[in-house]
Amino acid sequence: MPARPIVKETGRPKYYQTHPGIIMQETRLRFPPSPTGYLHIGGARTALYNWLYARKTGGKLILRIEDTDVDRSTRESIDGIIDGLTWLGIDWDEGPYFQTEFSDDHRSAAARFLADGAAYKCFCSKEDLEAKREAALAAKGDVRYDGTCRTLSREDLAAKERAGLPYVLRFKTPHREGTIGYDDKVLGRIESNYREIDDFVVVRSNGAPLYLLCNVVDDIRDRITHVVRGQDHMTNTIKQLLLYEALGAPIPVFAHMPLTLDTKKAKISKRSHGEIVAVQFYRDHGFIPWAFNNFLVLLGWSPGDDREFFSREELIEAFSLERINKSASIFNYRKGDPKFFTDPKAIAINEHYLRTMPIEELAPLVKEELTTAGLWDNAYDADRHSWFLATIELIRSRFHTLKDFSSLGRAYFSDDFQIDEKAFRKNLAATPDLQLWLPELAREYQAMPDFSLAETERLARAAAERAGVKPGIVINAMRTVLTGQLAGPSMFDILLALGRETVVKRMQATPELYHPFQPQQP
RNA sequence: GUCCCCAUCGUCUAGUCAGGUCCAGGACACCGGCCUUUCACGCCGGCAACACCGGUUCAAAUCCGGUUGGGGACGCCA
């Protein structure tokens, strides 16, 4: 049924009535990381999808740190997650809330369950449970909880309580016929038989409520309308449906995103993949934040047409829960690949932004990189600003990441740069006479009245002719002497970018390159 | 083992809900060409997939069933 507008404003409905008497409310989504590691690309993608949907619908994104497992939660991890989100540009409207600050809510919900008979005390020891599970596994049978304590007699219960035995609280899954289910925005109708759901633990023996319960209580309190999370939560969702019911709360919209696997189809994790799956890795390796978001969003979602690059506004406009894929995608990282240090598509998308984004937007990112590398000069923001922008423009098409500005592009910003060994062998070592020709050409450059594109090229070609070699010999040698590289922009553009003084100085020093480590003669 | 989810080029994917316009489109990667003082960029071209079997239908990548394969969950983790 199409939404029926109840308030009209300049031809555009602002509020909608989806059912009689019910006005569609603001969407509220959340990103609830557990601070037990860094922000990895799976978590970042979850955050991104939630953020996109919140922004698209004009709703709110809530950041909630799920730190109920105090033993494993760390301050560094919380900082890492927040830094990661900030770097990506994923902002939130409320929070960060900390789950531990709401333990009263969780405990009172648990107490209410016990009072209502929706949960019961279970005295089974960890050892017994573990033994049963192993036995079941060995017999290839059912590993779910068998309900031993659900049917404890009044006398047994009283006796165990008197004895002061530790107990956990288990949710009493209704013994009903039929199924329970929900309409997943990605997967469609999902149903599960009641008899498949065992009595799960909601409160630890030390009195601390567990994830399944806390998560639902928090979502209800935070008035969450849409839960967008990984498919690994699907069985949790079924159990949480029961919790919503027991708490008398309406269930939110669920959307289960496909997982991201490695090339061997295993779930990506810090343990097995290391830094390569950490968001921080991409920041440290010179990725453009938005480019990385653009890569992430395509891992499990597509707009339905051939577009692959989106501005922030375009992506928010194009995004929808329904177009999220059902099947898992693979993070195509092959360890030890000499050419691609991460998924080639991620690099390709970064390159695209690097060479097409407005130079004024790229400049601050390059500034940051040069600053980190100790190559920044404040003049680049002042009287040399137009030079700075022109130089970035000149060199960026050959670069892959922001790091390249301080490595491959170092010679443009500093006299302290390395000569690439391969470049030396090919462009210099093969023709030792360049030690004479280049300084000579440098003297001509020094003396010429007009240090221009056309004139510098004319003199270089004349020098080659004089020496009886092809122009490329001289030109490529100059490239290596001036930039340390084998390849680069058009040579005479480089000359002008570097400036006459630097060009002359470096070319005159050519012979030194041939004898870098020659010991002093006595 | 039980339950759940998934299945199109090497990878990300479009097409599947409303079967024909798909001997399957795009991107990345790879290969070739053009451009060129180098290397890129750019442009042009190429390689490459509907997991399998059966059914429904005039017609199936698309609907149905099964098989196989992959993944997830089965914690006093989140």
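All values derive from a computational prediction rather than experimental measurement.

A. Spatial organisation of unusual backbone geometry. Omega for the bond connecting Gly95 with Pro96 falls within 30 degrees of zero, at 5°, which places this linkage in the cis form. Tracing the chain through its elements places Pro96 in strand 6 (residues 94-98). Non-glycine residue Arg223 carries a positive phi angle of around 55°. Here Arg223 shows up in the loop between helix 6 (211-221) and strand 12 (226-230). For Arg223, a relative accessible area of 53% gives the class exposed. Non-glycine residue Lys265 carries a positive phi angle of around 65°. Position of Lys265 among the secondary structure elements: in the loop between strand 14 (260-261) and helix 8 (270-273).

B. Up close: the nonpolar core. Among the nonpolar cores identified, the biggest contains 110 residues, and Leu362, Phe388, Tyr445, Met478 and Met507 are the most heavily contacted of them. Here the element with the most residues in this core is helix 1 (residues 41-56); it accounts for 9 residues. Residues within four places of Met478 in sequence aside, it is in contact with Leu438, Leu441, Tyr445, Ala460, Met491, Leu495 and Met507.

C. Structural detail: the sheet that holds strand 8 (residues 168-171). Read across the open sheet, the 3 strands follow the order 7-8-11; overall the sheet is antiparallel. Edge positions in the sheet fall to strand 7 (119-122) and strand 11 (201-203), since each has one partner strand and no second. Across the sheet, the mean angle from the axis of one strand to that of its neighbour is 45°, orientation sign disregarded.

D. Broad picture of the pairing of strand 9 (residues 179-184). One ladder, built from 6 bridges, connects strand 9 with strand 10 (residues 188-193); its direction is antiparallel. Looking at strand 10, one finds that Ile180 is bridged to Ser192. Where strand 9 hands over to strand 10, the hairpin turn is made up of 3 residues, counted between the paired strands.

E. Representation of the side chain of Thr456 in the model. Among the secondary structure elements, Thr456 is positioned in helix 17 (residues 453-467). For Thr456, the side chain forms a polar contact with the main-chain oxygen of Leu453, separated by 3.0 Å. Excluding anything up to four places from it in sequence, Thr456 contacts Tyr445, Met448, Phe451, Phe492 and Leu495.

F. The arrangement of helix 7 (residues 234-246) in detail. Given a rise of 1.5 Å per residue, 13 residues ought to cover 18 Å, and the 19 Å separating the end C-alpha atoms of helix 7 matches this to within 8%. Where helix 7 is concerned, the buried positions are Asn236, Thr237, Ile238, Gln240, Leu241, Leu242, Leu243 and Tyr244. In the stretch just after helix 7, Gly248 is the one whose phi turns positive, near 65°.

G. Quick peek at the protein's contact with RNA strand B. The environment of RNA strand B is made up of 62 residues, and the closest members are Lys140, Thr235, Gly300, Glu308 and Arg398. Close to the protein, within 4 Å, the atoms of RNA strand B are drawn from sugar and phosphate at a rate of 73%. Interatomic distance of 2.5 Å between a side-chain N/O atom of Arg204 and a phosphate oxygen of RNA strand B. Here a phosphate oxygen of RNA strand B and a backbone polar atom of Gly300 are 2.5 Å apart. For the surface near RNA strand B, the elements supplying multiple residues, two or more each, are helix 4 (126-138), helix 7, strand 15 (329-330), helix 12 (344-356), helix 18 (471-483) and helix 19 (491-498). Of the residues forming the surface near RNA strand B, the biggest block, 4 residues, is contributed by helix 12.

H. Structural view of the packing of helix 10 (residues 289-297) against helix 12. Orientation of helix 10 relative to helix 12, taken along the N-to-C sense of each, is 140°, at an axis distance of 9 Å. As judged from the angle between their axes, helix 10 and helix 12 are oblique. In this structure, the crossing between helix 10 and helix 12 has a hand that is right-handed. Counting all contacts with helix 10, which are made through Trp290, Ala291, Asn294 and Phe295, the residues of helix 12 involved are Lys345, Ala346, Ile349, Asn350 and Tyr353. A breakdown of the residues in the contact of helix 10 with helix 12 according to their chemical character gives 6 nonpolar, 2 polar and 1 charged.

I. Geometry of the side chain of Arg229. In this fold, Arg229 is placed in strand 12. Among buried charged residues, Arg229 stands out as having no salt bridge; its nearest opposite-charge side chain is Asp219, 5.7 Å away. Polar side-chain contacts of Arg229 include one of 3.0 Å to the side chain of Gln240. Among all residues touching Arg229, those that are not within four sequence positions of it are Arg30, Thr46, Tyr211, Asn215, Thr237, Gln240, Phe254, Ala255, His256 and Met257.

What counts and what doesn't
- Residues numbered from 1 in each chain as written.
- Chains lettered and ligands numbered in written order.
- Predicted model: local features only at pLDDT ≥ 70, side-chain atom pairs only at ≥ 80, totals over all residues.
- Heavy atoms only, no water.
- Helix = DSSP H or I, 4+ residues; strand = E, 2+ residues; numbered from the N terminus.
- Buried < 20%, exposed > 50% of the residue type's maximum accessible area, 1.4 Å probe, protein only.
- Core = buried A, V, L, I, M, F, W, Y, C linked by side-chain atoms within 4.5 Å.
- Contact = heavy atoms within 4.5 Å.
- Pairing = 2+ DSSP bridges.
- Axes fitted to C-alpha atoms, helices over the stretch in contact; angles between N-to-C directions.
- Polar contact = N/O pair within 3.5 Å; in protein donor to acceptor, adjacent residues only side chain to side chain.
- Expected span 1.5 Å × (residues − 1).
- Near = heavy atom within 4 Å.
- Parallel < 35°, antiparallel > 145°, perpendicular 65-115°, else oblique.
- Left-handed = near helix turned anticlockwise from the far one by under 90°.
- Nonpolar A, V, L, I, M, F, W, Y, C, P; charged D, E, K, R; others polar.
- Lys, Arg positive; Asp, Glu negative; His and termini not counted.
- Salt bridge = Lys/Arg side-chain N within 4 Å of Asp/Glu carboxyl O.

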